[in-house]
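Close look at the chain arrangement
Chain by chain, the residues run as shown.
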Amino acid sequence: MYFDTKPKSICCMRMDTLSQILSYANVMSGINVMLVETCQGLLLGAIIDRLAGSGQVVQFYSGQAPPRQALEYYSFAKDYMSNVFAVPLSLVSIIDKVNDEPDELPTGNRNETPKFDQATTNKDEAKLDLQESSDSAVSKSSLRQTQREKEKHQAIQLVKAKQMDTFVF
């Protein structure tokens, strides 16, 4: 899929190379995998497929969001994706120092949606209706941010428990 159209976006990785990486890392169903990759989620998708819903993946990434563009072509079930967690590489050095509370994690800018009083006037309700369309984009962004924070906390707890079976880089 990517190799024919944009091979540089997946580091020119052929299918045989991908299978060798999975084989050398001993990726199989039921294990926990730590992953660092820059192949737009191609390697992540192959690992998720090999795990077949049992086992967990902690993906370390640089930047603001994990690279998962190739995952949309895999069409995984939600239970497969519920075992995938992401942690920014900037947090690796402080994983041992983080407590079990999710509030202890350093966070970026949060765009929280404003909360309004229940007792609003008709004029205020009209304003809210106009803002609702712009707030829906903010609320989706806020929802994604909240999901990433939960993922980050779960991933850090997995790494701190030292229950990872293999590391793929």
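Heads up: these notes are all about the structure in this document. (Residues numbered from 1 in each chain as written. Predicted model: local features only at pLDDT ≥ 70, side-chain atom pairs only at ≥ 80, totals over all residues. Heavy atoms only, no water.)

**A few points about the packing of aromatic side chains**
When we look at a pair of aromatic rings, we describe it by the centre distance and by the angle of the planes. The following threshold applies: Under the pairing criterion, centres of Phe, Tyr and Trp rings, with the six-membered ring standing for Trp, must be within 6.5 Å; the plane angle then separates stacked pairs below 30 degrees from edge-to-face pairs above 60, leaving the rest tilted.
By the definition in use, this model includes three aromatic pairs. Considering the side-chain rings of Tyr74 and Phe76, the 5.0 Å spacing of their centres and the 10° angle between planes classify their relative orientation as stacked. Cluster of aromatic residues (ring-pair linked, three or more members): Tyr74, Phe76 and Tyr80.

**Concerning empty space enclosed by the protein**
Note the threshold: Definitions used throughout: a 1 Å grid over protein atoms alone; a cavity as a set of points that fits a 1.4 Å probe which cannot get out; a pocket as an open set with protein on both sides within 12 Å along at least five of seven lines; a lining residue as one with an atom within 4 Å of a point. Grid points are joined across faces, edges and corners, and a volume is the space filled by probe spheres set on the points. Here the term charged refers only to Asp, Glu, Lys and Arg, the term nonpolar to Ala, Val, Leu, Ile, Met, Phe, Trp, Tyr, Cys and Pro, and the term polar to all other amino acids, Gly among them.
For the structure shown, the criterion picks out one cavity of 30 Å³ or more. Considering only residue class, the lining of the largest cavity consists of five nonpolar, three polar and no charged.

**Digging into the pairing of strand β1 (residues 32-36)**
Rules: Exposed residues in this analysis have more than 50% of their type's maximum accessible area, buried residues have under 20%, and partly exposed residues fall in between, with area computed by a 1.4 Å probe over protein chains only. The numbering of helices and of strands both runs from the N terminus, where a helix is a DSSP run of H or I of at least 4 residues and a strand a run of E of at least 2. By this definition, two strands are paired if DSSP reports at least two bridges between them. The handedness of a crossover follows from its direction of travel: if, with the strands pointing away from the viewer, the path from the first strand over the helix to the second runs clockwise, the crossover is right-handed.
Burial analysis of β1 places five of its five residues in the buried class, which makes it a mostly covered element. Side chains of β1 alternate between two faces, with Asn32, Met34 and Val36 and Val33 and Leu35 buried alike. Pairing between β1 and strand β2 (residues 56-61): five bridges, direction parallel. What sits directly across from Val33, in β2, is Val57. What joins β1 to β2 is helix α3 (residues 42-51), and the crossover it makes is right-handed. Two elements, β1 and strand β4 (residues 166-168), share three bridges in a ladder whose sense is parallel. Looking at the pairing, Val33 lines up with Thr166 of β4.

**So, the layout of surface pockets**
Its boundaries defined by the atoms lining it, the largest pocket holds a volume of some 290 Å³. Together, Arg68, Leu71, Phe76, Lys78, Met81, Ser82, Val84, Phe85, Gln147, Lys150, Glu151 and Gln154 line the largest pocket. Mapped onto the lining of the largest pocket, the elements with two or more residues apiece are α4 (78-81), β3 (84-88) and α5 (122-160). By residue number, the principal contributor to the lining of the largest pocket is α5, which donates four residues. For the lining of the largest pocket, the class distribution of residues is five nonpolar, three polar and four charged.

**Examining the packing of helix α2 (residues 15-24) against α3**
Applicable threshold: Each axis is a line fitted through C-alpha atoms, and for a helix only the stretch in contact is used; angles between axes span 0 to 180 degrees, taken between their N-to-C directions. By definition in this entry, angles of less than 35 degrees are roughly parallel, angles greater than 145 are roughly antiparallel, angles of 65 to 115 are roughly perpendicular, and the rest are oblique. The hand of a helix crossing depends on one turn: near helix anticlockwise from the far one by less than a right angle means left-handed, and clockwise means right-handed. Contacts: residue pairs with any heavy atoms within 4.5 Å of one another.
It is at 11 Å that the axes of α2 and α3 come closest, and there the two elements cross at 55°. Here α2 lies oblique to α3, going by the angle between them. As for the relative orientation of α2 and α3, their crossing is right-handed in sense. Every residue of α3 that contacts α2 at Leu18, Ser19, Ile21, Leu22 and Ser23 is listed here: Leu42, Leu43, Ala46, Ile47 and Arg50. Grouping the amino acids of the contact of α2 with α3 by side-chain chemistry returns seven nonpolar, two polar and one charged.

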